[in-house]
Amino acid sequence: MSSSAPQDTGHRLWSVDEHLADVLSAVRPLEPIELQLLDAQGCVLVEDVTVPVALPPFDNSSMDGYAVRTADVQGASEEFPAVLTVVGDVAAGSGELPTVGPGEAARIMTGAPLPPGAEAVVPVEWTDGGTGGGAAAGMTPASAAPEHAGGEVRVHRAAQARAHVRARGSDVQAGDLALAAGTVLGPPQIALLAAIGRGTVRVRPRPRVVVMSTGSELVQPGEALTAGTIYDSNSFALAAAARDAGAIAYRVGAVADDADTLRATIEDQLIRADLLVTTGGVSVGAYDVVKEALSSVGHFAEGTDGEDVDGGRMDFRKLAMQPGKPQGFGTIGPDHTPLLALPGNPVSSYVSFELFVRPAIRALMGLPESEVRRPSVRAVLKADKALGSPAGRRQFLRGTYDAESGTVSPVGGSGSHLIAALAHADSLMVVPEDVTSVEPGTELEVILLG
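Residues numbered from 1 in each chain as written. Predicted model: local features only at pLDDT ≥ 70, side-chain atom pairs only at ≥ 80, totals over all residues. Heavy atoms only, no water.

Draft legend 1. The pattern of salt bridges, seen in detail. Per the stated rule, a full pass over the model turns up 17 salt bridges. Between Arg 394 and Asp 17 there is a salt bridge, and its shortest N-O distance comes to 3.2 Å. Of this pair, Arg 394 sits in strand 26 (residues 394-402) while Asp 17 sits in helix 1 (residues 16-25), and the two are 377 residues apart along the sequence. Taking relative accessible area as the criterion, Arg 394 reaches 16% and is therefore assigned buried. Take Asp 17: its relative accessible area is 46%, and that puts it in the partly exposed class. (Salt bridge = Lys/Arg side-chain N within 4 Å of Asp/Glu carboxyl O. Helix = DSSP H or I, 4+ residues; strand = E, 2+ residues; numbered from the N terminus. Buried < 20%, exposed > 50% of the residue type's maximum accessible area, 1.4 Å probe, protein only.)

In structure tokens form, the structure reads like this:
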């Protein structure tokens, strides 16, 4: 790596770390609410959940077969089977259970409670299934042959005590900790909560994130392009990224380059937003209307901290990074809703989301600090030539990471409009601010996106 000192641009450059710290300092976890189980999927638990009843709540069979006393099948074989009297059926959910006495057996289904007197279960494949023939392949349905709940069964193999019996409490005991506060509720955790009888749970809700693109040149996918127009990809990318981060995302159609329209749209969206994200209109062009619009929603200042005005504060700044140099951040509205204003170039927008918006979403969810940022690893650059990087900027290059070899390869160029390459990348290669050239074989920090 070769190094160069940062250059003075005439304005204060915020570092990536400073900007992220500023964003996270303004974000507080959402207040907990009680939700139905399926509505709580993806949310963070805010209370320890203990087990009210043991799982399973009773001894039950792990096989379809026959509940028996072990002494009655001791020494049983195909040549000399144990012949037992069948005293009834025990199905899953059975209430009244037959008692299994000496020389007796009960047909039992998987999950059914072990009847009194029984000490083990022999699988049906170890028996003749009550047919008087050879080894059974399965049980005759009770509805088709209720008589097989009686008669005799020949057992061809012995069984040890508790064979094929799931013991009461073998999963969890009453009073055990089922899930600790801070757990993210995925399908297995939802299953456990349901299994112990919890219909609702107290969690921090998934943040509601409103995403909107700005630009009169933007056309919705599916519509016809006219001269000078392009399709709006940013709002789709960022709404999808917000969902991937754990949020409930609302995508607003592209807003034209008109400050009054944008201001009205933002104010309309505040009612359903825990976080607002705009893309485009934060640079220094004559039609960069996000600054103009937000000057009436909350104060903004170029490179300086804003003040609380009209229920909010906005700050537009330049960051020592590429892509994504122009950024805006603040809080707006009576509830001081966080708003992140991202640049409009597709790659700049997406990289900025990963570095700043995703952590904000995860912080709103109440996740621990270790789960707020994307994981990163160290990997060796695999490339045909050295990669250049601007002095004084932390550069984020798209890459593909090979965990087996511990290498990372660049995908596409460094241009902030090259969205096709982004679709094939699974990581971001990080080039430090004081590095201007990275030779093949150099070890880099790699942020994993998958």
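Draft legend 2. Focus on the nonpolar core. Counting 42 residues, the largest nonpolar core has Leu 275 and Ile 361 as its most contacted members. Where this core is concerned, the elements lending two or more residues are helix 1, strand 15 (208-214), helix 4 (234-245), strand 19 (275-279), strand 23 (337-342), helix 7 (346-364) and strand 28 (427-431). Per-element accounting of this core gives the leading share, 11 residues, to helix 7. In terms of nonpolar packing, the next biggest core, distinct from the first, is built from 20 residues, Val 210, Val 255, Ala 259 and Ile 266 among them. (Core = buried A, V, L, I, M, F, W, Y, C linked by side-chain atoms within 4.5 Å.)

Draft legend 3. Examining the side chain of Asn 234 more closely. Along the chain, Asn 234 falls in helix 4. A distance of 3.0 Å separates polar atoms of two side chains, one belonging to Asn 234 and the other to Thr 279. The contact partners of Asn 234, leaving out residues within four places of it in the chain, are Ser 213, Thr 279, Gly 344, Asn 345, Pro 346 and Ser 349. (Polar contact = N/O pair within 3.5 Å; in protein donor to acceptor, adjacent residues only side chain to side chain. Contact = heavy atoms within 4.5 Å.)

Draft legend 4. Examining the side chain of Thr 337 more closely. By the element assignment, Thr 337 lies in strand 23. Using a relative accessible area of 7% as the deciding quantity, one classes Thr 337 as buried. Leaving out residues up to four positions away in the same chain, Thr 337 has contacts with Leu 270, Ala 273, Asp 274, Leu 275, Leu 276, Gly 330, Thr 331 and Ile 332.

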